[in-house]
2 protein chains.
Amino acid sequence: MEKNHKFSSFIINIEPIGKRVISHEDETLAECALRAGIDLITSCNGLGVCGSCKIELIEGQLTHPTSNEVNKLGKLRDNPNMRLACQTFPLSDVTIFIPPGSLTQGQQLQVEGQYHPIALQTPFQVYILELDQPSLKDLRGDWERLQDAYFSQVHQSLSASLTTISEIPAIIRSQNWKVKVIVREENNKNELISILPPDSTYYGIALDIGSTKIAAFLVNLENGEMLDQSGFMNPQIALGEDVVNRISHAMQNQDNSKKLQNLLLDRIHQYIQEISRKYKLDPSQIIDMVVVGNTAIHHLFCGLPVKSLGEAPYVPVIQTSLSIPARHHGIHIAPGASVYLPPNIAGYVGADHTAAVLATRIQDSPQTVCLIDIGTNTEISLIHLEKIHACSCASGPAFEGAHIQDGMRAAPGAIDQVRIEDNKIYLSTIGKKPATGICGSGILSVMAEMRKNQIIDQRGVFNRSHPMINQDQKYLVLNKSENGQEIRITRKDVNEVQLAKGAIRSGIEILCQKANIQPDQIDHFLIAGAFGNYLDLASAIEIGMFPDVPLEKYHQIGNAAGAGARMLLINHDQRKVAETVGKQIDYVELTAEPSFNDTYVSALIMEKNGNLKQLL
Amino acid sequence: MEKNHKFSSFIINIEPIGKRVISHEDETLAECALRAGIDLITSCNGLGVCGSCKIELIEGQLTHPTSNEVNKLGKLRDNPNMRLACQTFPLSDVTIFIPPGSLTQGQQLQVEGQYHPIALQTPFQVYILELDQPSLKDLRGDWERLQDAYFSQVHQSLSASLTTISEIPAIIRSQNWKVKVIVREENNKNELISILPPDSTYYGIALDIGSTKIAAFLVNLENGEMLDQSGFMNPQIALGEDVVNRISHAMQNQDNSKKLQNLLLDRIHQYIQEISRKYKLDPSQIIDMVVVGNTAIHHLFCGLPVKSLGEAPYVPVIQTSLSIPARHHGIHIAPGASVYLPPNIAGYVGADHTAAVLATRIQDSPQTVCLIDIGTNTEISLIHLEKIHACSCASGPAFEGAHIQDGMRAAPGAIDQVRIEDNKIYLSTIGKKPATGICGSGILSVMAEMRKNQIIDQRGVFNRSHPMINQDQKYLVLNKSENGQEIRITRKDVNEVQLAKGAIRSGIEILCQKANIQPDQIDHFLIAGAFGNYLDLASAIEIGMFPDVPLEKYHQIGNAAGAGARMLLINHDQRKVAETVGKQIDYVELTAEPSFNDTYVSALIMEKNGNLKQLL
């Protein structure tokens, strides 16, 4: 492709990685992304013939499609925003979305979580039914024929949805009138879930849908073993970085809500297809599903209106658990399968937190335990003397690398640890790749080092006399790459971290006030979430994000919500527990607490325990 | 529009009227239809500017759209088969469909039926709920808030589908937290069906879906009064004249099944919109629906596969009654409403016959009663000594005017009565309009007259020596219109009637054999269906279609299936009765009866009682 040397330099926002780079003059989007360290697949070296560097334009203007693009994108041309990065120049500041298939390596997605082994306990029963073939002497309907065969074994009646009944004719004939049926036998009701060839195994899926990423687990429900765990991006990110943005987007009109729902459902559909191909199974073998997410994600997934989550006093449409017929909901698994969602606790403490509490079993703990699930929104539960208080803190996306000048998500090339000694900077990056930005754990780490080295003071203000500080614009340079692009920490970055850590710390403090205890009376701190798993605890204590108690009281437990979702899939008794836990948790609306303002302001101070001791 | 004088003469099949005409040279479809007596609206006299003569091309080739068409059809151009009849010439034999809106007068559709008044008895309870508004001190979810308000009145828990829950937030806020709720309280379960403004009434719809036409009833469910009854065409007719054609069409591929289902659902949706506009009601006020139809229509409506209905031994997928969530099924009425379908008896005795039996209450009769519901398929039930036998006869579409050379449906201009005296023919037509064809009752009438006047013999063979017979081609001319087009009765027409009446009569005979009685032991013959309501009983006896018993034993009861559907809507106890009746009826597969062949051949004879006396 010949370049016509007239394209200017613009800001390129690269989603879902969350990286912001400035394009050079006459640089294609592919060149720009690669220069920024993003592993875009460009098998043909930018000739536009391999079609592997597909991207989607979210906002802004690009050059017109080239003939190569028109050829390679084929049917994708239905979506005019789908482009080849190597054929495209920006004509304005743009936001682009890189689909997972266009990257050589996925992001670092936390899918595992601490997991208490739990017994397999489901209401599903399995029978092999041999049916009589119809004849002029036996003209029973297919459904009645199957019901009769079940009755002759179980001596009970069988029910089924119309969707399930409609699948009977084809499968009983293709299997020569001998089939395996999965029946949910519960509450004196026997409901047909799936009709399968006699030798089929059956499975369940648990999904933890975060604002940014989705963790998915495939479990064999015959023995409870986990067969697969995978992580992928939540595609809703294209319509709003955090749930607040998505809620306002959805509130604009009904179509937007529907679009947000469909983005999720389509991605889940794609996952089911991928996993089915990988394990050579038929989607009808997937007989159960559990979905957890925060309240906004929960509502958007369910197709519930989110308006009340966007307006004070922020009440959810539903708190109780839900069981939705999967097929009616557009999720193509077994015809009688349901999708179970545990209860929401409040508008900003969702079903994912219920699942996290369940996974950690803190509700049964005789000790005092604080569970902190860090994300764009951080949910905290504190159990003391068998009473659970929970709250939600708007910690923001700083720890996801967003709103940080050179921030990025925890992908290869992200700085994840920083040490400053004798005015020298030592860095570690994910995948040991050349540094291209800084992720949450790196940001936390550099803040602690900046404080220890007196580069910033307790208010977060740069020490102008420090030799490492650029005197004109007040920033710290972490790294200078070969092409001269610097990775910097600015005053605004420090501010973002202050707001985030202040929100989390004040949540912990207010819950302690509610329980009438001091933070050092807490026996265990359980730190959940992807960022929570990688963060440096000493750094977090250093800047006052967490209380200054012995490190051994802290436990980094990974994706607790995902682990809870798996428990709810494997053991249906846990669903009753979830219902009880949901009701047992006492939600604390922080902004309604008289002490909130003072606590928050004190928690902003960048010092061990902030300014909180004076308050107490 | 200037004509270019080059268009030839072709056969034009006009649906849903079922009329077949030959176009003249250089004649537009509108001119051809009007000449054939079809009341197409042509307000602008064919100038192509009023857009009222819309038709849909089903098969064949037409001239390219004119610029007038492109202008007038606007958005309809999404469907390239939608055309203006006055702008269009045929380029081959064609089949066109005239939508109801393009006709000045609808067809004569039987919607009423004999109706035993029945008490209103539904499980729906109505409450006015006043909810507390949410505040920082009361952060319950909308659904929990509504449940609590219900509990405080009823002291029981309330359930709801996700679809219903999703409607709560908007309505409770728009009604200032005071709403009317409709709750189905049944089997220890209380399910929320609809949330309405406090002053709303609520309604139900009963639909009798025939192969050709649909009868629809709107009932006020507060007092049981019928508010509206209307009839419209079953749009599936465009894809198959009778159910056998539609079954083979559906068996070709999944898309065809879906298309047949969607044609029905779209038409029902349109009806709901029309009726809502007419009576100024919101579809959420329609809280219940009953649908009856033959087994094939039932399965197509439900989205059940019809393959087993197209292959021996013709078993249905389901016989038991169904209750389907309306919204999930694409029927936009109250969010918690269900569509109830009574049981099917066999592959060719459907839920509509169950409803007809119910409406006539023959199951409770101590007398011997024969119910004959005549249509393209005729279902017959005979009750004798509390035992009910039922069968299905492939009577074919002759009595709907199809497969008859100059046949048409019972629309204005159709000959409906014929008398022949002294070699002169006396005719009556529907709407006293100039004769354009002959409908079912006319065909039956002319057959009886032809027999009485020895124009045909008992085998249906034309008497060549009769002066009224055209000697060359053997047909009877009923009428010569001004433009010289003749309405004729041919040997093939006589044959079609023989097959139809033979099928019905042999059904009656076999059921009598099963009950071990003679036809004259039957106390009452109930003749149901549109054709059944208009037919001349004496003619039917004359040609041996019905047994030769006193006329006072016959009762023409109209649309019994529609009446049964209304009963099932108004009185839910009748749904339990339907279930029992469904099981009580003993289906007789005629072709499996050893005596069937002899009986059928004897029943073909065009004579009082056919040749059946000799057999008995």
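Not measured: the values here are computed from a predicted model.

J.: Is there a simple way to think about the relation of the copies chain A and chain B in this case?
T.: The second copy of the chain is related to the first by a rotation about an axis and a shift along the axis. Aligned on chain B, chain A shows an RMSD of 0.1 Å; the corresponding rotation is 180° and the shift along the axis is 0.0 Å. Both chain copies can therefore be described as sitting about a two-fold axis. Proximity to the rotation axis, assessed at the C-alpha, singles out His-328 of chain A in chain A; its C-alpha lies 3.2 Å from the axis. Most of the interface of chain A is mirrored in chain B, where 100% of its interface residues again form contacts.

J.: Just to check I follow, could you spell out the interface of chain A and chain B for this structure?
T.: A common way to express how large an interface is: the accessible area buried when the components associate. Residue-level contacts link 35 residues of chain A with 35 residues of chain B. Sorting the residues of the side of chain A that touches chain B by element identifies helix 3 (142–154), helix 4 (162–174) and strand 13 (322–325) of chain A as the ones contributing at least two each. The dominant element in the side of chain A that touches chain B, judged by the number of residues it contributes, is helix 4 of chain A, at 6 residues.

J.: I tried to follow helix 7 (residues 295–302) of chain B on my own but got confused; where do I start?
T.: Given 3.6 residues per helical turn, the α-helix brings residues three or four places apart onto the same face. For helix 7 of chain B, the tally of buried residues reaches 8 of 8 residues, placing the bulk of the element in the interior. Residues Thr-295, Ala-296, Ile-297, His-298, His-299, Leu-300, Phe-301 and Cys-302 of chain B constitute the buried set of helix 7 of chain B.

J.: Teacher, can you tell me more about the domain arrangement of chain A here?
T.: Each assigned domain of chain A is listed here: domain 1 (11–102), domain 2 (105–341), domain 3 (361–389 + 504–615) and domain 4 (398–496). A C-alpha centroid distance of 42 Å is found between domain 1 of chain A and domain 3 of chain A.

J.: Hey, could you run me through the sheet that holds strand 15 (residues 369–373) of chain A in this one?
T.: The strands making up a sheet are joined through hydrogen bonds of the backbone, oriented either antiparallel or parallel. Residue and element names in this part refer to chain A. Taken together, the 6 strands give an open sheet; going across it, the order is 24-23-15-16-17-25, and neighbouring strands pair in mixed fashion. Edge positions in the sheet fall to strand 24 (554–558) and strand 25 (585–587), since each of these pairs with one other strand and no more. Averaged over all pairs of adjacent strands, the angle between strand axes in this sheet comes to 20°, irrespective of strand direction. As judged from the 5 bridges shared by strand 15 and strand 23 (residues 524–528), these two strands associate in the parallel manner. The residue of strand 23 that forms the bridge with Cys-370 is Phe-525.

J.: Please clarify how the sheet that holds strand 9 (residues 203–209) of chain A should be interpreted in this entry.
T.: Residues and elements named next belong to chain A. Reading across the sheet, the 6 strands line up as 11-10-9-12-14-13 and stay open at both edges, with mixed pairing between neighbours. Since the sheet does not close on itself, it has two edges, and those belong to strand 11 (226–233) and strand 13, each with one partner. Adjacent strand axes in the sheet meet at a mean angle of 20°, parallel and antiparallel pairs treated alike.

J.: Is there a simple way to think about the nonpolar core in this case?
T.: Formed by 375 residues in total, the largest nonpolar core has its most connected members in Leu-371, Ile-372 and Ile-380 of chain A together with Leu-371, Ile-372 and Ile-380 of chain B. Sort the elements by how many residues they give to this core and helix 10 (residues 491–515) of chain A lands first, with 10 residues. Setting aside its immediate chain neighbours within four residues, Ile-380 of chain A contacts Cys-370, Leu-371, Ile-372, Ala-390, Cys-391, Cys-393, Gly-507, Ile-508 and Leu-511 of chain A.

Definitions and limits used
- Residues numbered from 1 in each chain as written.
- Chains lettered and ligands numbered in written order.
- Predicted model: local features only at pLDDT ≥ 70, side-chain atom pairs only at ≥ 80, totals over all residues.
- Least-squares fit on C-alpha atoms with pLDDT ≥ 70 in both.
- Contact = placed C-beta atoms within 7 Å.
- Helix = DSSP H or I, 4+ residues; strand = E, 2+ residues; numbered from the N terminus.
- Buried ≥ 20, exposed ≤ 12 C-beta atoms within 10 Å, placed from the backbone.
- Domains from an automatic or database assignment.
- Pairing = 2+ DSSP bridges.
- Axes fitted to C-alpha atoms, helices over the stretch in contact; angles between N-to-C directions.
- Core = buried A, V, L, I, M, F, W, Y, C linked by C-beta atoms within 7 Å.

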